Amino acid sequence: ITMSKKIIFTEDAPKALGPYSQGVVAGNTLYISGQIPLNPKTEALVDGTISEQAEQVISNLESICTAADASLADIVKLNIYLTDLSNFAEVNQVMQNKFSEPYPARATVQVVALPLNVDIEMDAIVLLNE
């Protein structure tokens, strides 16, 4: 059995920085590639607080969800990568502002470095409506 996959692309999220897609739909699941605080309109990194960076990352995730007829509420698993776990509380606050219950499952890990030397990256798994 061959499962078809559909590639999701939107101008409202940063273009892929390498050989990958912004999002891939397989079955009724959308897999969103790691998003960094890159503003797709200016193609510049958000050079602000970790909260401002997290808001841009979530906005990028939301744009890709929208392109697949989904929303942040449809995210079932979120992975957050931080270069400094002391930023965890601020990122949590942004999440509480952007997400509502029931919240997605989540992992948050500290990493040594991220693409373009940013401080935060997130990827997501989204359940699409049948």
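Right above here is the structure, for reference.
Residues numbered from 1 in each chain as written. Predicted model: local features only at pLDDT ≥ 70, side-chain atom pairs only at ≥ 80, totals over all residues. Heavy atoms only, no water.

**As for the pattern of salt bridges**
Counted according to the given criterion, the structure contains two salt bridges. Counted as one network, the salt bridges with shared partners bring together Glu11, Lys15 and Glu43. (Salt bridge = Lys/Arg side-chain N within 4 Å of Asp/Glu carboxyl O.)

**Remarks on the nonpolar core**
If you look at the biggest cluster of nonpolar residues, it comprises 28 residues, and the most contacted ones within it are Leu78, Ile120 and Met122. Among the secondary structure elements, those contributing two or more residues to this core are β3 (29–35), α1 (50–67), β6 (75–82), α2 (88–98) and β8 (120–127). No other element matches α1, which puts seven residues into this core. Contact partners of Met122, with chain neighbours within four places excluded, come to Ser33, Gly34, Gln35, Val57, Ile58, Leu61, Leu78, Asn79, Ile80, Tyr81 and Val91. (Core = buried A, V, L, I, M, F, W, Y, C linked by side-chain atoms within 4.5 Å. Buried < 20%, exposed > 50% of the residue type's maximum accessible area, 1.4 Å probe, protein only. Helix = DSSP H or I, 4+ residues; strand = E, 2+ residues; numbered from the N terminus. Contact = heavy atoms within 4.5 Å.)

**A few points about the sheet that holds β3**
The strands that make up a sheet are held in pairs by hydrogen bonds between backbone atoms, and each pair lies either parallel or antiparallel. Overall, mixed pairing links the six strands, which are arranged β1-β2-β3-β8-β6-β7 in an open sheet. Among the strands making up the open sheet, the edge pair consists of β1 (5–8) and β7 (105–110). Each adjacent strand pair in this sheet contributes to an overall mean axis angle of 15°, direction not counted. By the bridge criterion, four bridges tie β1 to strand β2 (residues 23–26) in an arrangement that is antiparallel. If you follow Ile7 over to β2, its bridge partner there is Val24. The sheet contacts of α2 involve β6, β7 and β8, and relative to β6 the element is tilted by about 150°. (Pairing = 2+ DSSP bridges. Axes fitted to C-alpha atoms, helices over the stretch in contact; angles between N-to-C directions.)

**Concerning the pairing of β6**
With seven bridges joining them, β6 and β8 adopt antiparallel strand pairing. What sits directly across from Leu82, in β8, is Ile120. Summarising the sheet, β6 and β7 pair through six bridges and their orientation is parallel. Its bridge partner being in β7, Tyr81 is matched across the sheet by Val109. Read from β6 through α2 to β7, the crossover connection turns out right-handed. (Right-handed = clockwise from strand over helix to strand, strands pointing away.)

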